[in-house]
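Below are the chains, spelled out letter by letter.
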Amino acid sequence: METSFALTGKGYVIVAADTTAARSIVKMQIDQDKIKELSPHLLMAYSGEPGDTVQFAEFVERNIRLYQIRNLYPLRPAAAASWIRRSLAEFLRSRNPYSVNLLLGGYDTSSHTPNLYWIDYLGTVVEVPFAAHGYGSYFALSLLDRYHDPEASLEEGLAALKRCINEVSKRLVVDPGKYKVKVVDKDGVREVEI
C-alpha cells in the first residue's frame, strides 16, 4: 500500500512518499526512502513492485549521472522525463518489464521554472501541477484539485500536502505511517519535516 504525492508552487516542487516497505500483510521496513535524488535539481519518487522499483531507480540515477559526466551539464527535467519514459517503454516491450510508477520533480535552472511529471509503468508521461500514485491517490487528488495553488508559497504548499497526508491516514484502511518529504527549488534538493 504505497503512497506518493507531489505538487508544484511558486518556484518549487514538493515530493512526498511513505516510508513503509510491505509485502502482503507484513511490514518489512518502516524507514525506506522511496525518493531518489537524480541530480542537484531533480527528484524521483517511485512505487510498485519492490525489486523493480529499486533496480529501475538506481538504473535511472546512474544513467542520468553518466550523462552529466559525459556532457558536463545535467539533464533538464523535461529531457529526463522523456528519457525515463523511453526507457520504461523499451523495457515494457522486452522480456523483463519494470512495474514502476514514478513522480519526477525538478527545477529547470535555465528557465527558472518548477516541473512535475507523472509517469506510469506503461511509459505514459504527463506534465502536471500536482500528482499522486498508490492507494492514497484516491483521496489526495480531490484535495489537491481543491487546495492546490500554483502561486502558493512553500509553507502553503506544505499545508496542502499535510491535508493530503492527514486524509489518507484517516480514511485509508491501512495507514502508511511516516512520510519522507523533499523539496527541490533554485537552491537544490533538501528534506523538510512536516
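Keep in mind it's a predicted model, so treat the numbers as computed, not measured.

Conventions used here
- Residues numbered from 1 in each chain as written.
- Predicted model: local features only at pLDDT ≥ 70, side-chain atom pairs only at ≥ 80, totals over all residues.
- Heavy atoms only, no water.
- Helix = DSSP H or I, 4+ residues; strand = E, 2+ residues; numbered from the N terminus.
- Buried < 20%, exposed > 50% of the residue type's maximum accessible area, 1.4 Å probe, protein only.
- Contact = heavy atoms within 4.5 Å.
- Axes fitted to C-alpha atoms, helices over the stretch in contact; angles between N-to-C directions.
- Parallel < 35°, antiparallel > 145°, perpendicular 65-115°, else oblique.
- Left-handed = near helix turned anticlockwise from the far one by under 90°.
- Salt bridge = Lys/Arg side-chain N within 4 Å of Asp/Glu carboxyl O.

The subject of this paragraph is unusual backbone geometry. Positive phi, normally seen in glycine, also occurs at Leu72, with a value near 65°. Looking at where Leu72 falls in the secondary structure, it is placed in the loop between α1 (50-71) and α2 (77-92). The phi torsion at His112 lies on the positive side, around 55°, for a residue other than glycine.

Our next topic: the environment of Asn115. For Asn115, the location among the structural elements is in strand β8 (residues 113-119). Accessibility expressed as a relative area gives 9% for Asn115, which makes it buried. A sequence separation of 39 residues divides Asn115 from Arg76, and the C-alpha atoms of the two residues are 9.6 Å apart. Each residue touching Asn115, except ones within four places of it in the same chain, is listed here: Val13, Pro77, Leu104, Gly105, Gly106, Asp108 and Glu127.

Moving on, we come to the packing of α1 against α2. Between α1 and α2, whose axes approach to 11 Å, the crossing angle comes to 135°. Considered as vectors, α1 and α2 are oriented oblique to each other. Remark: the crossing between α1 and α2 carries right-handed chirality. Contact residues: α1 offers Phe56, Phe59, Val60, Asn63 and Ile64, while α2 offers Ala80, Trp83, Ile84, Ser87, Leu88 and Phe91.

The next point concerns the pattern of salt bridges. Within this structure, the stated rule accounts for 14 salt bridges. For Arg76, the salt bridge goes to Asp108, with nearest N and O atoms at 3.0 Å. With Arg76 in the loop between α1 and α2 and Asp108 in strand β7 (residues 100-108), the pair connects residues that are 32 residues apart, well separated along the chain. Taking the relative accessible area as the measure of exposure, Arg76 reaches 45% and is therefore partly exposed. Note on Asp108: relative accessible area 7%, which makes it buried. Among the salt bridges present, the one from Glu167 reaches Lys170, with a minimum N-O distance of 3.9 Å. Separated by 3 residues within a single helix, Glu167 and Lys170 lie in helix α4 (residues 154-171), roughly one turn from each other. Relative accessible area serves as the criterion here: at 18%, Glu167 is assigned to the buried category. On the accessibility criterion, Lys170 (63% relative accessible area) is exposed.

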